[in-house]
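In case you want the letters, here they are:
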Amino acid sequence: MKFLNHLEEWFVSFLMAGAVLVIFVAVVHRYAAGLPIPVVQDWLLTINLGWAQELCIIMFVWMAKFGAAYGVRTGIHVGVDVLVNKLNVRTRAKFVIFALSAGAFFTGLVAVLGFDFIWHNGMHYAVYNVLGLNDGSLFEGPVTPDLEWPTWAVYSAVPLGSTLMCFRFLQVLVRFIRTGELPHHDHSHVEGVDETILSHTLDEETEASEGEGTAVVKTTHGEDAKEAKA
Amino acid sequence: MSALVIFSILLALMLTGMPISISLGLTVMTFLFTMTHVPLQSIALKLFSGIEKFEIMAIPFFILAGNFLTHGGVARRIINFATSIVGHFYGGLALSGVVACALFAAVSGSSPATVVAIGSILLPGMVQAGFPMRFGAGVIATSGALGILIPPSIVMVMYAIATNASIGALFMAGVIPGLIMAFMLGCMTWYRARKFNYPRQPKASWGERLRTFKESAWGLMLIIVVMGGIYSGIFTPTEAAAMSAVYAFFVSVFVYKDMTLKEVPKVLLSSANMSAMLLYIITNAVMFSFILANENIPMQLTSWMLDKGFGPIAFLLAVNFVLLMAGNFMEPSSIMLIFAPIVFPVAMKLGIDPIHLGILMVVNMEVGMCHPPVGLNLYVASGLTKLGITELTIAVWPWLLTMLVFLGMVTYIPIISTWLPTVLGMM
């Protein structure tokens, strides 16, 4: 299980970095090839990076599908929880269980639909061909325009990612039933600021200001926070 | 009729608290299996083709760029710069809060993160200087919302995806409204600070201003890289986003040294997490709007509106009302993806400019983040300052009112949003 978690995290981070790099190299290449530097220019012009856009899209689609599964684990998929949170604990628990089951149901359904789609879109042919079962009645599926990869392989991100996502929903559901805890994502986390400083300073401040009224102090706010951190 | 069914299902599912993306998807599936004869294959195809657009890929890139620069160090530099410029006016620190929020939000791309970053650095200083906590919290909570109007803005990319509008033109169109809004919030702050005689900072010398500007310029250059790149035609919007991510990485690791190379994977992972969530909403919203279009719902709405004799004025009023209501419950990206495909066709029929509509919707999202009962910024500010939501509601009202006035201006004076892109020849 831990291995799967790490693999998932490593995989989405890699795709993110890879996509940036691909587009960066493609853009640099496009402009560098326009510079009249002998030899280098000739060499650059022989490289065709027309497939970069497509590769970037494919990487991001894979990242999106697996990242969405990771997101279930981290609780980043937000819903409208205003009403539900107003209910008492028991009723709320029922709603949460329903919502999580619905998530598992939907992602499971998508996985099945997606698998069905890629199966009829060339996977059937590919698998039977490898196994030597093709009797000539099956046709090869389409390929992507630039990279000429089989589309079924590219699209298999949907059933695979959705299956993983379904599994994550079930995992969260089981954990919720057992412990009553839900993963929660903090949208307002910022590196390099210490939020506890604030409540600290404020406490001291209210105590201090009670004594001396509202004295105007020259502030050195930036350094303040730095010092407190050190 | 089918419109009523679709929206009832969606509303019911949403209110159970399940993720918005899942409720969109389940609505489509329920409707599909019970009420209509759309072939399943065409929906399955939408599952794949939903996010296969190069424009959409700008979103993960912008998120990554923002996350590299969402750091206390960057916030501190921007605050120092802002204070050196506007600190000597009445309510100096609060004014620099407005300016710093506008700049930091544009760079980081996240409103809640802006409220936390600027708030946790600036608020202690403000309280020490003698500002009441409420005043500071009100300024920061509302100014933090400025980010989605000042480019690069992810919500604008969402609008562009939903309506096929030009991302470059939208970004340009956001500049002037963003500046006006920051100016109006600043005026309100100045007015109230003068009334209650809040402290001013000593006037900074030009040398000081230059020094702080130099420090913060590396981060602020991100906006220039994106806007300049798109406007001059060097990059497409998606390429500009990718370049800004590389630039942000370079600045934060090698120039500012806020981050070590070791921390980079963490940033990558959290950006991937965030973008995957947004892309998942997009996938499902694409299916949803496909069903809507398939049932002719935007067309029906258009003809109904025209039958009733609704003009642009009444229509825009209704749009504002509906969006402000929705802003109570949902976050900006989802609202944009659900409502833009419905509102857009009607607006086109009534002769409203697509860019103008986009900016208007974005300003609505902005207001929605700051108003009770469920403004995200209010919650974040409340967590930061330990003030209750009710108290914060009172605290933000002067600025919230300013925002509503501004919303009215943007709604009925289209030239505010369309002037710059028109002059630049982008639309």
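Residues numbered from 1 in each chain as written. Chains lettered and ligands numbered in written order. Predicted model: local features only at pLDDT ≥ 70, side-chain atom pairs only at ≥ 80, totals over all residues. Heavy atoms only, no water.

- An unreviewed UniProt entry lists chain B under the name TRAP transporter large permease subunit, with Desulfobulbus oligotrophicus as the source organism.
- In its Subcellular location (unreviewed entry) section, UniProt records this for chain B: "Cell inner membrane". (UniProt positions renumbered as here; feature names shortened; annotations may be inferred.)

## Things to note about the overall build of chain A
Okay, so step 1: Summing up its helical and strand segments, chain A has nine helices and zero strands in all.
Okay, so step 2: Overall, chain A shows an N-to-C arrangement of helices and strands of α-α-α-α-α-α-α-α-α.
Okay, so step 3: Looking at chain A as a whole, 41% of its 230 residues are labelled buried.
Okay, so step 4: Only carbon and sulfur atoms are counted for the fraction: they give 64% of the accessible area of chain A, which is about 13,100 Å². (Helix = DSSP H or I, 4+ residues; strand = E, 2+ residues; numbered from the N terminus. Buried < 20%, exposed > 50% of the residue type's maximum accessible area, 1.4 Å probe, protein only. Areas by Shrake-Rupley, 256 points an atom, 1.4 Å probe, with all protein chains shown as cover.)

## Overview of the environment of Thr236 of chain B
Residue and element names in this part refer to chain B.
Okay, so step 1: Tracing the sequence through the fold places Thr236 in the loop between helix H11 (206–232) and helix H12 (237–255).
Okay, so step 2: On the accessibility criterion, Thr236 (33% relative accessible area) is partly exposed.
Okay, so step 3: When the C-alpha positions of Thr236 and Met427 are compared, they lie 16 Å apart, and in sequence the two are 191 residues distant.

## Here's the deal with the UniProt feature "domain: TRAP C4-dicarboxylate transport system permease DctM subunit" (unreviewed entry) in chain B
Okay, so step 1: Here, the residues flagged by UniProt with the feature "domain: TRAP C4-dicarboxylate transport system permease DctM subunit" (unreviewed entry) are residues 8–414 of chain B.
Okay, so step 2: Taken end to end, residues 8–414 of chain B is 78% helix and 0% strand, and its first and last C-alpha atoms sit 34 Å apart.

## Focus on empty space enclosed by the protein
Okay, so step 1: The final tally for this structure, using the stated rule, is two cavities of 30 Å³ or more.
Okay, so step 2: Put simply, the largest cavity is a space of about 90 Å³.
Okay, so step 3: When contributions to the lining of the largest cavity are tallied by element, the ones reaching two or more residues are helix H5 (89–131) and helix H7 (157–179) of chain A together with helix H13 (264–294) of chain B.
Okay, so step 4: For the lining of the largest cavity, the leading source of residues is H7 of chain A, giving four residues. (1 Å grid on protein atoms, 1.4 Å probe; cavity = no way out; pocket = protein on both sides within 12 Å on 5 of 7 lines; lining within 4 Å. Points joined across faces, edges and corners; volume = space filled by probe spheres on them.)

## A look at the packing of H13 of chain B against helix H16 (residues 332–349) of chain B
Residue and element names in this part refer to chain B.
Okay, so step 1: Contact geometry of H13 with H16 gives a least axis separation of 10 Å together with a crossing angle of 20°. It follows that H13 is roughly parallel to H16 by the angle criterion. H16 is crossed by H13, and the crossing has right-handed handedness. Facing Leu278, Ile281, Ile282, Ala285, Phe288, Ser289 and Leu292 of H13, the residues of H16 in contact are Ser333, Ser334, Leu337, Ile338, Pro341 and Ile342.
Okay, so step 2: The residue inventory of the contact of H13 with H16, partitioned by class, reads 10 nonpolar, three polar and no charged. (Axes fitted to C-alpha atoms, helices over the stretch in contact; angles between N-to-C directions. Parallel < 35°, antiparallel > 145°, perpendicular 65-115°, else oblique. Left-handed = near helix turned anticlockwise from the far one by under 90°. Contact = heavy atoms within 4.5 Å. Nonpolar A, V, L, I, M, F, W, Y, C, P; charged D, E, K, R; others polar.)

## Re the side chain of Thr163 of chain B
All names here are of chain B.
Okay, so step 1: When you line up the elements, Thr163 lands in helix H9 (residues 154–163).
Okay, so step 2: On the basis of relative accessibility, which here comes to 8%, the residue Thr163 falls in the buried class.
Okay, so step 3: Setting aside residues up to four positions removed in sequence, Thr163 forms contacts with Ala340 and Phe344.

## Details of helix H15 (residues 312–326) of chain B
Residues and elements named next belong to chain B.
Okay, so step 1: Its 15 residues place the ends of H15 21 Å apart at the C-alpha level, agreeing with the 21 Å of an ideal helix rising 1.5 Å per residue.
Okay, so step 2: Along H15, the positions that sit buried rather than exposed are Phe315, Leu316, Val319, Asn320, Leu323, Leu324 and Ala326. Down the axis of H15, the smallest arc covering the buried residues is 165°, so these residues share one side. Seen from the buried face of H15, the exposed residues on the opposite side, beyond 90 degrees, are Ile313, Leu317 and Phe321.
Okay, so step 3: Of the surrounding elements, those touching the buried residues of H15 are helix H14 (297–307), H16, helix H17 (354–370) and helix H19 (389–412). (Expected span 1.5 Å × (residues − 1). Arc of directions from axis to C-beta.)

## Section: the packing of helix H3 (residues 52–74) of chain A against H13 of chain B
Okay, so step 1: Closest axis-to-axis distance for the H3 of chain A/H13 of chain B pair is 7 Å, and the angle between their directions is 100°. Regarding the angle of H3 of chain A to H13 of chain B, the classification is roughly perpendicular. Between H3 of chain A and H13 of chain B, the residues in contact are Phe60, Met63, Ala64, Lys65, Gly67, Ala68, Tyr70, Gly71 and Thr74 of chain A and Leu269, Ala272, Asn273, Ser275, Ala276, Leu279, Tyr280 and Thr283 of chain B, respectively.
Okay, so step 2: Taken together, the residues of the contact of H3 of chain A with H13 of chain B sort by class into 10 nonpolar, six polar and one charged.

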